[in-house]
Structure formats: structure tokens, C-alpha cells
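Chain by chain, the residues run as shown.
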Amino acid sequence: MKKISKITVIVLSIITSAFHFSCGSAGEKKEAGLKNQTTKMDQKLDKITFGAGCFWCVEAVFQRVKGVKSVTSGYMGGKIKNPTYREVCSGLTGHAEVCQLAYDPKEVDVATLLEIFWQTHDPTTLNRQGADTGTQYRSAVFFHTPEQQQEAEAWKQKLNAQHVFPNPIVTEITPASEFYVAEDYHQNYFNENGTEPYCQIVIKPKMDKFLKAFKSKLN
């Protein structure tokens, strides 16, 4: 595991309080007529799935991490098959907005991915990130291997023990279930829509701090 000493400063500075802009309101208008599909990962790569609020933010962060070969926005942890964005946003399906990472373990280890995960969202707010509220925005690590589970639980325990956050971590650590790829317009969202208000006000400030804090981990 990595040392946690720098997290206190970085974590609290990265958390944004965007109370006037939400992922759901920004994207809902574009939903109609788009397909869902299940994803296929390269068998040579490992995968892990993170929920940390709006998947646009999570995707933008991990796309820039060295060793991460693909980041796919989608839905996991729910009770119906092939959910649409509108259905997930209702909060009734049980799905979380997530990003599934395919990464080369020879280039980046799971501890580094977890370090970035913990530092780029607020894991203490139950079912909420800024203005995005509901179970679909819950903090979650969906692990795919026992190693990922052990690392995630160790991070959570240590962060709580050191009182890095002012409140206890509520992040769900649970086995990965079926992953549904989100509609096409959700993919590569920040890169393609960086001038939109949500991207400029919510995502860009977080990205600027992330890029500064993790220079050595970037592509």
C-alpha cells in the first residue's frame, strides 16, 4: 500500500461542491434512441470498476492514468437487465453509475488505482457527490479479484483509522456484477464536451488538481 500522509491535503482540496450543476440534468436531454451493450475486455488486461458520483468525472480522471488502457462508462449493481440512463437516474433500479477500467498490471498496480479513486471524490457522503444525489451516485469499489478486495478494504480501514476525512467512509466494497455499457453519448464525455457548463464548473477544477497531484502517474 501507498503512504497516506499526503492524502489529507489533496483529498479535501479535490472534493468539489457543485450545488447548481448535476450529471443527470446535463445529460438527460440527449438520451433517446441510444443502444446499450455489454462490454468485452481484453483477456490480457485486468479490470476493476469504480463508482464515485457522475461517471463523466470518473472517466476523465482514469483516462489519463498510465497503464489504464480503456475506461468505459456504464451501470452496475442493480436489479434489472439492460437499464437505460433515464431508468438508472430514477434511483429505482439499484444501479450505480460506474466506470470499468481495463488496465495492464505490469504498468499500474491496483493500489495506485485505489489511491487515485480515494483522492478524487468524497467517499464520506452517502449516495451523493456534490449536486448529484441518489443511490446511483454512491461511492463503490466493485472488485473483480480477491487482491482488489483486500487492497480496497485495507485502504478504507487505514483511512478511517487515521481520520483522513472528517466523517467515516461509506464506500461500498462489493463483488462486481453484470456491467452494462452506458449510451454512446456518455462515453469520452469530457474530452468531447469540455466546453459545456458542467464540464467547466464541475469536472475541470477537479481535473486540474488531479493532474497536478499525479504528474508521475499520467500518460
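On a predicted model such as this, the values are computed, not experimentally measured, just so you know. (Residues numbered from 1 in each chain as written. Predicted model: local features only at pLDDT ≥ 70, side-chain atom pairs only at ≥ 80, totals over all residues. Heavy atoms only, no water.)

1. Section: the UniProt feature "active site" (unreviewed entry) in the protein
Next up, step 1: UniProt annotation of "active site" (unreviewed entry) refers to Cys54 when read in the numbering used here.
Next up, step 2: Looking at where Cys54 falls in the secondary structure, it is placed in the loop between strand E1 (46-52) and helix H3 (55-62).
Next up, step 3: With residues near it in sequence (within four places) discarded, Cys54 still touches Cys23, Glu97, Asp132, Tyr137 and Tyr198. (UniProt positions renumbered as here; feature names shortened; annotations may be inferred. Helix = DSSP H or I, 4+ residues; strand = E, 2+ residues; numbered from the N terminus. Contact = heavy atoms within 4.5 Å.)

2. Remarks on empty space enclosed by the protein
Next up, step 1: Applying the stated criterion across every chain, the model contains 1 cavity of 30 Å³ or more.
Next up, step 2: Taken as a whole, the largest cavity holds about 50 Å³ of empty space.
Next up, step 3: Looking at the largest cavity, the residues that line it are Ala52, Cys57, Val58, Val61, Phe62, Phe117, Thr120, His121 and Lys206.
Next up, step 4: Of all the elements, H3 adds the most residues to the lining of the largest cavity, at 4 residues.
Next up, step 5: Residues that form the lining of the largest cavity fall into these classes: 6 nonpolar, 2 polar and 1 charged. (1 Å grid on protein atoms, 1.4 Å probe; cavity = no way out; pocket = protein on both sides within 12 Å on 5 of 7 lines; lining within 4 Å. Points joined across faces, edges and corners; volume = space filled by probe spheres on them. Nonpolar A, V, L, I, M, F, W, Y, C, P; charged D, E, K, R; others polar.)

3. Regarding the pairing of strand E2 (residues 68-76)
Next up, step 1: Most of E2 is tucked away: 7 of the 9 residues are buried.
Next up, step 2: In this sheet, strand E3 (residues 96-103) lies alongside E2 in antiparallel orientation, the contact comprising 8 bridges. Across the sheet, residue Tyr75 finds its bridge partner in E3, namely Glu97.
Next up, step 3: In the sheet, E2 pairs with strand E8 (residues 180-181) via 2 bridges, with the strands oriented antiparallel. Counted as the bridge partner of Tyr75 is Tyr180 from E8. (Buried < 20%, exposed > 50% of the residue type's maximum accessible area, 1.4 Å probe, protein only. Pairing = 2+ DSSP bridges.)

4. A closer look at the side chain of Gln129
Next up, step 1: Topologically, Gln129 is positioned in strand E4 (residues 128-129).
Next up, step 2: Relative accessible area serves as the criterion here: at 12%, Gln129 is assigned to the buried category.
Next up, step 3: Within the structure, the side chain of Gln129 is placed 2.5 Å from the backbone oxygen of Asp122, a separation counted as a polar contact.
Next up, step 4: Setting aside residues up to four positions removed in sequence, Gln129 forms contacts with Ala52, Gly53, His121, Asp122 and Tyr137. (Polar contact = N/O pair within 3.5 Å; in protein donor to acceptor, adjacent residues only side chain to side chain.)

5. Brief notes about the packing of aromatic side chains
Next up, step 1: A complete count under the given rule lists 9 aromatic pairs for this structure.
Next up, step 2: Between Trp56 and Tyr189 the ring centres are 3.7 Å apart and the planes differ by 5°, which places this aromatic pair in the stacked class. Of this pair, Trp56 sits in helix H3 while Tyr189 is found in helix H7 (residues 189-192), placing the two residues 133 residues apart along the sequence.
Next up, step 3: With relative accessibility at 0%, the residue Tyr189 sits in the buried group.
Next up, step 4: Ring plane angle 80° and centroid distance 5.4 Å describe the contact between Trp56 and Tyr198, whose orientation is recorded as edge-to-face. Of the two residues, Trp56 sits in helix H3 while Tyr198 sits in helix H8 (residues 197-213), which places them 142 residues apart along the sequence. You'll find Trp56 and Tyr198 in the same group, each marked buried.
Next up, step 5: Chaining the aromatic ring pairs together yields one cluster made of Phe50, Phe62, Phe117 and Trp118. (Phe/Tyr/Trp six-rings, centres within 6.5 Å; stacked < 30°, edge-to-face > 60°.)

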